[in-house]
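# A closer look at the structure
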Amino acid sequence: MSTLYGQMMDMPLVISGLLRHAENNHSDTEIVTRRIEGDIHRYTYADAGQRIRKLANALEASGIKQGDRTATLAWNTYRHFELYYAVSGMGAVLHTINPRLHPEQVAWIVNHAEDRILFFDATFAPIVDAIAEHCPTIEHWVALSDADKMPELKKVKAISYEDYIRDHADQYEWPTLDENAAAALCYTSGTTGNPKGVLYSHRSLVLHTYGACLPDAFGVDATDIVLPVVPMFHVNAWSLPYVGALAGVKLVFPGAKLDGESLYELFEGEKVTISAGVPTVWLLVLQFLQQNNKKLSTLKRMTVGGSACPPALMKTFKQDYGVQLEHAWGMTEMSPLGTYNHPKAKHLGLSEEERFNVALSQGRAVFGVEMKIVDDKGQRMPQDGKSTGDLHVRGPWVVKQYFKKDESPLVDGWFPTGDVGHIDADGYLTITDRTKDVIKSGGEWIGSIDIENIAMAHPAVAMAACIAAKHEKWDERPLLIVQLKEGQSPSKEEILAHFEGKIAKWWTPDDVLFVDGLPLGATGKVQKNKLRDEYGDHLMKQAG
Ligand code: AMP
């Protein structure tokens with residue numbers, strides 16, 4: 001039987017379409033940035049469009065072609081926003097790098113991606129100096145700075161972003177791209193081994209942006225003022241730079257200042273209505289509000305994700321400040337949105353306590369994402385709110401393969417998230433655990449294997465395991481559990497000193513516990529789940 005095709009236009013879903021929409025419909029809507037240079041920068045989507053086209057011309061003049069990777073090491077600013085649209089819009093691939101990684105890892109990622117240009121904020125000049133000699137694919141280094149405020153660099157000759165775009169025309173025809181062409185690349189360290197690249201397509205990003213705007217997701221409209229605290233190097237700031245253009249919201253970028261006071265100033269000064277970030281950020285904001293007796297006059301909602309939202313945090317923001325913390329779950333491999341927590345009509349009549357309990361779960365799937373819980377044998381488990389197993393997902397904005405990896409991570413066409421949880425009959429997901437062996441501290445991954453390898457290289461250590469221990473401020477911190485060689489008795493401090501210079505400082509374990517033996521499974525692997533059960537609360541107990 002032949003297919004009867006629909007007869008609608010075949011317009012590709014591409015990033016440049018989002019920009020065109022914003023320019024046509026929201027030209028005078030503002031984009032505000034606290035610049036790295038210190039001052040507040042303010043312009044409109046129309047102004048942004050002009051500079052984005054200048055940048056696209058500049059990239060073409062640098063020889064950047066469709067599919068070429070263009071990297072950023074940058075905060076949330078208007079210049080980073082311009083890169084989002086110019087690089088992807090012209091058909092190249094925007095590769096946002098996490099500057100919190102150790103320079104060795106940054107260099108590894110740059111080489112793996114074969115980035116041709118690196119745009120960096122002045123803050124990250126030391127990283128540029130550290131990686132320059134190890135990154136032969138980079139042809140141009142561009143500092144996201146005014147020409148007279150260039151950072152000092154020892155190892156590279158960089159040009160200022162303003163000089164880079166200055167002489168280029170602000171006219172540019174966006175090419176008609178295949179919507180399945182790559183648009184952006186983001187590496188995740190949330191897996192074992194080297195970081196893995198997730199290559200988003202124009203189509204996946206645009207569909208995700210539609211999904212993210214839904215009333216039961218970010219639910220923004222053209223009256224909203226949105227401040228993404230979540231960095232633009234973390235899964236595209238959860239897509240908020242794209243959401244901004246689609247919905248015509250005023251965007252407020254916080255630059256490098258993410259402390260409670262600086263965020264508070266922007267919330268109030270720019271009349272922000274919605275914000276988004278990891279729980280650690282909201283803990284800092286709360287501390288500032290409490291210590292300084294401040295109130296929030298315009299903020300209505302904050303999306304919290306990346307780690308589980310502590311119940312007390314949600315309660316205090318609601319009761320004392322009238323701000324609803326909305327719990328969302330997702331991952332780099334999912335662009336990132338998987339679930340978002342909003343109530344259903346049937347919840348509206350519930351008591352405040354009962355509604356609070358619903359709000360604590362990770363929320364319901366956004367249309368575009370399907371979820372299932374499977375048991376050890378891969379069999380689907382009932383959606384009854386208690387059958388707990390591995391969470392698998394699929395959808396048009398879920399990864400099917402990692403960049404430059406031949407093998408597919410999929411199981412029967414579904415992506416195994418490495419998260420464990422249950423789903424109830426109303427579709428609400430609750431994450432209870434994680435099978436992947438990584439630690440998430442303040443929204444950033446720490447690789448337990450790297451830590452174990454360094455510990456094991458210490459001459460007194462026979463075996464070591466690093467686990468995620470619960471932490472009040474950072475959600476999780478690394479805890480090292482060590483079995484010593486016979487006759488050895490180094491101090492904790494000696495073991496920790498061994499990490500200096502080998503990993504980023506914030507990866508250093510918070511504590512070291514010495515044990516007589518580590519629990520081993522049938523295949524000789526350390527049973528981390530047993531260690532987590534036994535020592536997972538160690539840091540909380542220590543803190544009292
Ligand atoms: P990333 O790829 O860095 O965005 O990290 C994704 C992972 O963070 C997920 O697989 C979860 O393990 C964790 N995660 C994200 N959001 C939440 C949440 N709301 N609650 C619990 N864990 C979360």
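This is a predicted model, so every value here is computed, not measured.

So, how was this worked out
Residues numbered from 1 in each chain as written. Predicted model: local features only at pLDDT ≥ 70, side-chain atom pairs only at ≥ 80, totals over all residues. Heavy atoms only, no water. Near = heavy atom within 4 Å. Polar contact = N/O pair within 3.5 Å; in protein donor to acceptor, adjacent residues only side chain to side chain. Areas by Shrake-Rupley, 256 points an atom, 1.4 Å probe, with all protein chains shown as cover. Helix = DSSP H or I, 4+ residues; strand = E, 2+ residues; numbered from the N terminus. Nonpolar A, V, L, I, M, F, W, Y, C, P; charged D, E, K, R; others polar. Buried < 20%, exposed > 50% of the residue type's maximum accessible area, 1.4 Å probe, protein only. Core = buried A, V, L, I, M, F, W, Y, C linked by side-chain atoms within 4.5 Å. Contact = heavy atoms within 4.5 Å. Phe/Tyr/Trp six-rings, centres within 6.5 Å; stacked < 30°, edge-to-face > 60°. Lys NZ or Arg CZ within 6 Å of the ring centre and 35° of its normal.

### Examining the site of the ligand
Neighbouring residues of the ligand: 15 residues in total, closest Ala 328, Thr 332, Asp 419, Lys 436 and Trp 445. At 2.7 Å from a nitrogen atom of the ligand is found a main-chain nitrogen or oxygen belonging to Ala 328. Arg 434 is positioned such that a nitrogen or oxygen atom in its side chain is 3.2 Å from an oxygen atom of the ligand. Relative to its unbound accessible surface of 500 Å², the ligand loses 93% to contact with the protein. Broken down by element, the residue count for the shell around the ligand peaks at four residues, all from strand E14 (residues 324-330). Per-class residue counts for the shell around the ligand are five nonpolar, six polar and four charged.

### Describing helix H10 (residues 260-269)
The complete set of buried residues in H10 reads Gly 260, Ser 262, Leu 263, Tyr 264, Leu 266 and Phe 267. Positive phi shows up at Lys 271, right after H10, with a value of about 55°.

### Comments concerning the nonpolar core
Of all hydrophobic cores here, the largest spans 110 residues; its most connected members are Leu 59, Phe 81, Tyr 85, Phe 119, Phe 267, Trp 282 and Phe 317. When residues no more than four places from it in sequence are discounted, the contact partners of Trp 282 are Val 229, Phe 267, Ser 275, Ala 276, Gly 277, Met 302, Thr 303, Val 304, Leu 313, Phe 317 and Leu 325. Of all hydrophobic cores here, the second largest spans 26 residues; its members include Val 93, Val 106, Leu 118 and Val 156.

### Digging into the packing of aromatic side chains
Aromatic rings in a pair are described by how distant their centres are and how their planes are angled relative to each other. Tallying each qualifying case throughout the model produces 15 aromatic pairs. Ring geometry for Tyr 45 and Phe 81: centres 6.1 Å apart, planes at 65°, overall edge-to-face. Of the two residues, Tyr 45 is situated in helix H2 (residues 45-61) and Phe 81 in helix H3 (residues 78-89); the sequence distance between them amounts to 36 residues. Of the two residues examined, Tyr 45 and Phe 81, each falls in the buried class. Relative to Tyr 340, the ring of Phe 218 lies with its centre 5.6 Å away and its plane at 70°, an arrangement referred to as edge-to-face. In this pair, Phe 218 is assigned in the loop between helix H7 (202-213) and strand E10 (225-228) and Tyr 340 in strand E15 (residues 337-340), connecting sequence segments 122 residues apart. Taken together, Tyr 45, Phe 81, Tyr 84, Tyr 85, Tyr 242 and Phe 253 form an aromatic cluster joined through their ring pairs. Above the ring of Tyr 402, the side-chain terminus of Lys 196 is found at 5.9 Å from the ring centroid. Taking the ring centre of Tyr 321 as reference, the NZ or CZ of Lys 295 above it sits at 4.9 Å.

Everything listed here is a matter of coordinates, which is why it stays silent on function.
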